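The chain contents come next:
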Amino acid sequence: MPAVGGISVGGGKAYPGSLTPFVTVTCIVAAMGGLIFGYDIGISGGVTSMDPFLLKFFPSVYRKKNSDNTKNEYCQYDSQTLTMFTSSLYLAALLSSLVASTVTRRFGRKLSMLFGGLLFLVGALINGFAQGVWMLIVGRILLGFGIGFANQSVPLYLSEMAPYKYRGALNIGFQLSITIGILVANVLNYFFAKIKGGWGWRLSLGGAMVPALIITIGSLVLPDTPNSMIERGDREKARAQLQRIRGVSDVDEEFNDLVEASESSSQVEHPWRNLLQRKYRPHLTMAVLIPFFQQLTGINVIMFYAPVLFNSIGFKSDAALMSAVITGVVNVVATCVSIYGVDKWGRRALFLEGGVQMIICQAVVAAAIGAKFGIDGNPGELPKWYAVVVVLFICIYVAAFAWSWGPLGWLVPSEIFPLEIRSAAQSINVSVNMFFTFVIAQVFLTMLCHMKFGLFIFFAFFVVVMTFFIFFFLPETKGIPIEEMGQVWRAHPFWSRFVEHEDHGNGVEMGKGAIKM
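Definitions and limits used
Residues numbered from 1 in each chain as written. Predicted model: local features only at pLDDT ≥ 70, side-chain atom pairs only at ≥ 80, totals over all residues. Heavy atoms only, no water. Helix = DSSP H or I, 4+ residues; strand = E, 2+ residues; numbered from the N terminus. Buried < 20%, exposed > 50% of the residue type's maximum accessible area, 1.4 Å probe, protein only. Contact = heavy atoms within 4.5 Å. Areas by Shrake-Rupley, 256 points an atom, 1.4 Å probe, with all protein chains shown as cover. Salt bridge = Lys/Arg side-chain N within 4 Å of Asp/Glu carboxyl O. Expected span 1.5 Å × (residues − 1). Bend = angle between axes of the 7 residues up to and from the residue. Phe/Tyr/Trp six-rings, centres within 6.5 Å; stacked < 30°, edge-to-face > 60°. Lys NZ or Arg CZ within 6 Å of the ring centre and 35° of its normal. Core = buried A, V, L, I, M, F, W, Y, C linked by side-chain atoms within 4.5 Å. pLDDT = per-residue confidence, 0-100. 1 Å grid on protein atoms, 1.4 Å probe; cavity = no way out; pocket = protein on both sides within 12 Å on 5 of 7 lines; lining within 4 Å. Points joined across faces, edges and corners; volume = space filled by probe spheres on them. Axes fitted to C-alpha atoms, helices over the stretch in contact; angles between N-to-C directions. Parallel < 35°, antiparallel > 145°, perpendicular 65-115°, else oblique. Nonpolar A, V, L, I, M, F, W, Y, C, P; charged D, E, K, R; others polar.

Engineer: What is the right way to read the overall build of the chain from this model?
Structural biologist: Looking only at helices and strands, one finds 24 helices and three strands in the chain. For the chain, with 517 residues in total, the buried portion stands at 61%. Partitioning the contacts of the chain with sequence separation of at least 6, the portion at a separation of at least 24 is 82%. For the chain, the accessible surface area stands at approximately 18,400 Å², while carbon and sulfur atoms represent 67% of it.

Engineer: Even after reading the chapter, I still don't get the pattern of salt bridges, so can you show me in this structure?
Structural biologist: If charged atoms from side chains of opposite charge come close, those side chains can pair. Inspection of every chain in the model, using the stated rule, returns 11 salt bridges. A salt bridge links E160 to R109, with the nearest nitrogen and oxygen atoms 2.7 Å apart. Of this pair, E160 sits in helix α7 (residues 133-161) while R109 is found in helix α6 (residues 109-128), placing the two residues 51 residues apart along the sequence. For the residue pair E160 and R109, the accessibility class agrees, reading buried in each case. Look at R109 and you get buried, because its relative accessible area is 0%. Among the charged side chains, a network of salt bridges with common partners joins R109, E160, E231 and R422.

Engineer: I keep staring at the environment of L203 and nothing clicks. Help me out?
Structural biologist: Inspection of the secondary structure assignment puts L203 in helix α9 (residues 200-206). Accessibility expressed as a relative area gives 33% for L203, which makes it partly exposed. Sequence separation of L203 and F192 is 11 residues, and the distance between their C-alpha atoms is 7.1 Å. For L203, the residues in contact, after removing those within four places along its chain, are Y39, F192 and I195.

Engineer: Please clarify how helix α5 (residues 80-107) should be interpreted in this entry.
Structural biologist: Residue pairs three or four apart in sequence face the same way in an α-helix, which turns once every 3.6 residues. Between its first and last C-alpha atoms α5 spans 39 Å; for 28 residues at 1.5 Å apiece the expected length is 40 Å, and the two agree. T86 marks the point of greatest bend in α5, at about 45 degrees. Positioned one or two residues after α5, G108 has a phi angle of 105 degrees, which is positive.

Engineer: When you look at the packing of aromatic side chains in this model, what are you seeing that I'm missing?
Structural biologist: The way to describe two aromatic rings as a pair is by their centre distance and the angle between their planes. Evaluation of the coordinates by the stated rule reveals 30 aromatic pairs. When the centroid spacing of 6.3 Å and the interplanar angle of 85 degrees are considered together, the rings of F292 and F462 count as edge-to-face. Separated by 170 residues along the polypeptide, F292 in helix α15 (residues 281-295) and F462 in helix α22 (residues 454-473) bring together distant segments of the chain. Side by side, F292 and F462 carry an identical accessibility label, which is buried. Between the NZ or CZ atom of K56 and the centre of the ring of F57, over which it lies, the distance is 5.6 Å. The ring of Y190 is capped by K194, whose NZ or CZ atom sits 4.7 Å from the centre of that ring.

Engineer: Even after reading the chapter, I still don't get helix α10 (residues 209-221), so can you show me in this structure?
Structural biologist: Here α10 is 13 residues long and its end C-alpha atoms lie 19 Å apart, about the 18 Å a rise of 1.5 Å per residue gives. Tucked into the core, α10 has its buried residues touching α1 (21-31), α2 (34-47), α6 and α7.

Engineer: Would you explain the nonpolar core in this entry?
Structural biologist: It is characteristic of soluble globular proteins that their nonpolar side chains tend to be buried jointly. Membership of the largest hydrophobic core comes to 125 residues, with the highest contact counts inside it found for F53, F58, W405 and M434. For this core, the element with the highest residue contribution is helix α21 (residues 419-451), accounting for 13 residues. When sequence neighbours within four positions are dropped, the list of residues in contact with M434 reads F37, Y90, A93, L94, I147, N151 and W410.

Engineer: Which parts of the structure should I look at to understand the confidence of the model for the chain?
Structural biologist: Detailed reading of the predicted coordinates is not advisable wherever pLDDT is low. Scored by pLDDT, the chain has a mean of 82; 86% of the residues are at 70 or more. Below pLDDT 50 for its whole length, residues 1-11 participates in 27 contacts with residues either more than four positions away or in separate chains. Per-residue pLDDT stays below 50 along residues 503-517; that stretch engages in 51 contacts with residues further than four places along the chain or on separate chains.

Engineer: It is not clear to me how the layout of surface pockets should be interpreted in this structure. Could you clarify?
Structural biologist: Gaps left between atoms are located by rolling a probe of water-molecule size over the structure's atoms. Of the pockets and cavities examined, the second largest pocket occupies roughly 220 Å³. What lines the second largest pocket is a set of 13 residues, among which I28, A31, G173, L176 and S177 lie closest to the centre. Those elements that provide at least two residues to the lining of the second largest pocket are α1 and α8 (167-192). Ranked by the residues each element gives to the lining of the second largest pocket, the list is headed by α8, at six residues.

Engineer: Hey, could you run me through the packing of α21 against α22 in this one?
Structural biologist: What describes two packed helices is the angle between their axes and the distance between those same axes. Where α21 contacts α22, the axes come no closer than 8 Å and their chain directions differ by 130 degrees. Relative to α22, the element α21 lies oblique. Seen from α21, the contacting residues are I440, F444, M447, L448 and M451; seen from α22, they are G454, L455, F458 and F459. Class assignment for the residues of the contact of α21 with α22 results in eight nonpolar, one polar and no charged.

Laid out in C-alpha cells, this is it:
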C-alpha cells in the first residue's frame, strides 16, 4: 500500500478458527437483508417510467412526457411530487435507523432485522394496492422504516459473525444482495411493463413482499452473534456460540476480549455523547464522510432513475428498461469481483482504483451527452453507436462503484467501530447515507433539468475529492480483528494524534475500564 495513509500491522492477535459451513450459511441468510434495499432502488425508477403508473398518480408528468411540444429531454420528468414518491422512503429510513440503534444494542441484531422485514412487508402491501398518491407515500415511508432497521443491523451482524480473515468477503454479501435486488427489480419491470391493461406496476411494487418475507423468516431462524449475547449477559451461550461459529474449542482469547469489550461498553451510559470524544474522532469522521461520499458518487442517480435517465437521453421506453437491466447485471458481476479481492487486495486498493475509473467514465458520459443534447436538450435523431457508447461507459462506471464504494461504503464503517459506540456509530453511518440518498433522489431530476450534462461533472468533482480523502485518511483494515482495530488508528500518521494519548497497549481507556480493540 502507499506510505501515506497505509499501515502495515505487525504483532496483532490472530484468533484461531476457520470459515465453517455454519458461518457461511448464516452470513448468506443474513446478507439477504440487502434484498429489500436493492429491490426498492431498482423498482422505483422502472415504475416511474411506466405510462399507466404516471397517468394514474402523476398525470401532469405523463402529459409532459408524451407531449409533442416537449423538446427538452432533460426536463420531461421534472416533478417534485414524483421525486417525493422515491425520496420519502429514505427520509423515513434516516429516522428509523436512529431508533434501530437502541433496539440493536439492547435486544440484539436479530430483532432489528425482524422489525425491518415486517415494516417493509406492510409497506409493500400498501403500495401494491395503492389507489392514491397518499397511499404511495405512506407505503414508501413504511418501506423506509424497514430499510432503516435492516441497514443498521445486517452489516453489524455480518462483521461480528465472520472470522476476521474473511470479514470483508462475507460482509460484502450484503452489497451483493443489494445488487441482486436491483437486477431482479429491473428484470421484473421490463416484463411487467408489457402486461396488457397497464397494471404491471402493481406487481412491481407489491413484489417487494418477497424480499421482505425472506428477511423476516431469516431473522427468526438466524443465531445471535456472540457479541450480542455477551451484551445481554448470556456468557455461557455466547462461548458455546463462538466455538460453534469458529469451528474450534480454543476460543478463550477472542472470548475474553469480547467480554472485556462488553464490560467496558456497559459502563457507557451515553454512547451518542461518547462519539464526540477526541479518541473517537477518526471513527466519527468515517461514519459521516464515507456514506456522504458514497452518495455523491452519483450512483443512485443511475440506480434510482436508470430507466428514466436513459429515456431522458433519448432511448425509447423498452430500450430504457433493458439498459437498466444491463447495468444491473454489471452491478452484480462487479460486486463478485469485490468479494474475491477485498481480503486479498485490501480496502484501499479497491477504493482508489474504483475512484479513478469512475472519474474517467463520468467525464466521457458528460462529453457524450453534451455533444448530442447540448444546452437545449433536443438531440434530434440518435445513432445506435451513440447509445452503445453511453451505455458502455455507464456500465464501466457502475462496475467501478460495485467493486469499490458500493460494498466498501458499508463494510468499512461496520468493522472499525469499537463495541461501546458500535450501534450508535452505525446509526450515524446509516442516517447520513439515507439523508443524502433522500437529498439526491429529491433534487436529481430538477438538477438534470437545470444543470444538463454538467450534472455528471458535478458528481465527478466529488469523486475526485473522495479519492484524495481515501488516499490520505483511510488506513488499511483488512486482516485486523475487530477487537484489535485500534492499532490502525495509532499507526496512522494523521489519526494517531487523536488516539495516541487515549490508548494504552491494545486497550482504549474508558474511565474505569479498558476495551480491547
